[in-house]
Amino acid sequence: MLSPVLSDIKDENRYVICMKWGTKYGADYVNRLYNMVSRNLTLPFTMVCLTDDNTDINPAIQCYPIPELHFPDSVPKNLPERGWKKLTTFKPDLYDLKGTALFLDIDIVIVDNIDGFFTYQAQHDDSVVIIRDWKKPWRMIGNSSVYRFKVGQPTYPSLLDNFERNFATIRTQVRHEQAYLSNYLREHHHLEYWDSSWCVSFKYQCVPPFPLSFVQPPKLPQGAKIVIFHGEVNPPDAIVGGRGKWYR
C-alpha cells in the first residue's frame, strides 16, 4: 500500500508550464524543453505552453493564449513587457488547469533528473518554491526561471489583482516580475527556495571567473539539475563558445 505522500504524488495533476511570446525564441526552444523534460522527469506530466504563436510547436504540448494583463487606463500602453506576463500563471482560473505546476523558462538546459522539483515537500501548502538569487542572496529575491506553485486554484487570490491595480506604483519600486513575486509572497504567503545546488547560473557558476574565463571552458557544478541562462548568452551561444561580454 502506498504511503500518503507517495499516493498524493501519484494521483495529483502535474503540469510543466512554459511561456513564449514575440520573435526572440522560436518553437524549437519549446520543443527542446519538452524533450528535455520527457527525458529527465519520470513522473506523469502535462506540458503546457502559453504563447502568442503556436506554429511548429509539438502537438503533444497543450498550447493556450497568454492571458491578458488588465491595467488601469492611466497606465501607458507601450510599456516594456519584460517578464510581467509570467504573473498571469497565477490566474485562479487558468484554463481549468488544477494541480501542481512547475514553470520553466524555455532557454534553460536540464542536465539531470527533475523529479525532486515535484516531490519536494514544502513547509506550507501555499508555498511558492523558487530559485534564490545567486549574485545577491541577501536580497531574498527569487529568480523565476524555475518556480513551483498551485495552478488554477484560489491559493493566491490577490497576487495578480494587486499587481494589475497597482502597477503604476509597483513598476517604480521593482524592475521585474520576480522581484514583485518574491516581495508579495514573503508578505502574504510563503516563499521557499530550491536546494542551492539544483539550479545553477551559467554566467556565475559555470563560467570560470576572470581571467580564467579566457582559458578554461565552462564546467557543470556538482549536483546541478538545471542550468539557467540569464543575461546575454543563450544555450546556442554557449555551444559555439559565445560568452557575451569580452571577459567571458
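How each quantity is defined
Residues numbered from 1 in each chain as written. Predicted model: local features only at pLDDT ≥ 70, side-chain atom pairs only at ≥ 80, totals over all residues. Heavy atoms only, no water. Helix = DSSP H or I, 4+ residues; strand = E, 2+ residues; numbered from the N terminus. Expected span 1.5 Å × (residues − 1). Buried < 20%, exposed > 50% of the residue type's maximum accessible area, 1.4 Å probe, protein only. Core = buried A, V, L, I, M, F, W, Y, C linked by side-chain atoms within 4.5 Å. Contact = heavy atoms within 4.5 Å. Pairing = 2+ DSSP bridges. Axes fitted to C-alpha atoms, helices over the stretch in contact; angles between N-to-C directions.

This brings us to helix 6 (residues 177–188). With 12 residues, helix 6 extends 16 Å from end C-alpha to end C-alpha; this agrees with the ideal 16 Å at 1.5 Å per step. What helix 6 keeps buried is the set Glu177, Gln178, Ala179, Tyr180, Leu181, Ser182, Tyr184 and Leu185.

Moving on, we come to the nonpolar core. In terms of nonpolar packing, the biggest core is built from 35 residues, with Ile17, Phe90, Phe149, Val151, Leu159, Phe163 and Tyr180 touching the most fellow members. Those residues in contact with Phe163 that sit more than four places away from it in its chain are Leu69, Phe71, Trp84, Leu87, Ile170 and Tyr180. Formed by 33 residues, the second largest nonpolar core is a distinct cluster that contains Val30, Ile108, Ile114 and Phe117.

For the rest of this paragraph, the subject is the sheet that holds strand 4 (residues 99–104). The strand order across the open sheet formed by seven strands is 3-2-1-4-7-6-8, and the pairing between neighbours is mixed. With partners counted over all chains shown, the strands left at the sheet margins are strand 3 (62–65) and strand 8 (190–193), one partner each. Averaged over neighbouring strand pairs, the angle between their axes works out to 25° when direction is ignored. The pairing of strand 1 (residues 14–20) with strand 2 (residues 46–51) spans six bridges and is parallel. The residue bridging Val16 from the neighbouring strand is Met47, located in strand 2. Against the sheet, helix 2 (residues 27–40) makes contact with strand 1, strand 2 and strand 4, and its axis sits at roughly 160° relative to strand 1, the strand it touches most. In the packing of helix 6 onto the sheet, contacts are made with strand 6 (127–132), strand 7 (142–151) and strand 8, and the angle to strand 7 comes to roughly 50°.

Another point: the sheet that holds strand 5 (residues 109–110). On the basis of which strands lie adjacent, the open sheet formed by three strands has the order 5-10-9 and mixed pairing. The open sheet terminates on both sides in strands that have one partner only, identified here as strand 5 and strand 9 (199–201). Sheet topology places strand 9 next to strand 10 (residues 226–228); three bridges connect them, and they run parallel. The residue bridging Ser201 from the neighbouring strand is Ile228, located in strand 10.

Spatial relationships are all this shows, so hold off on functional conclusions.
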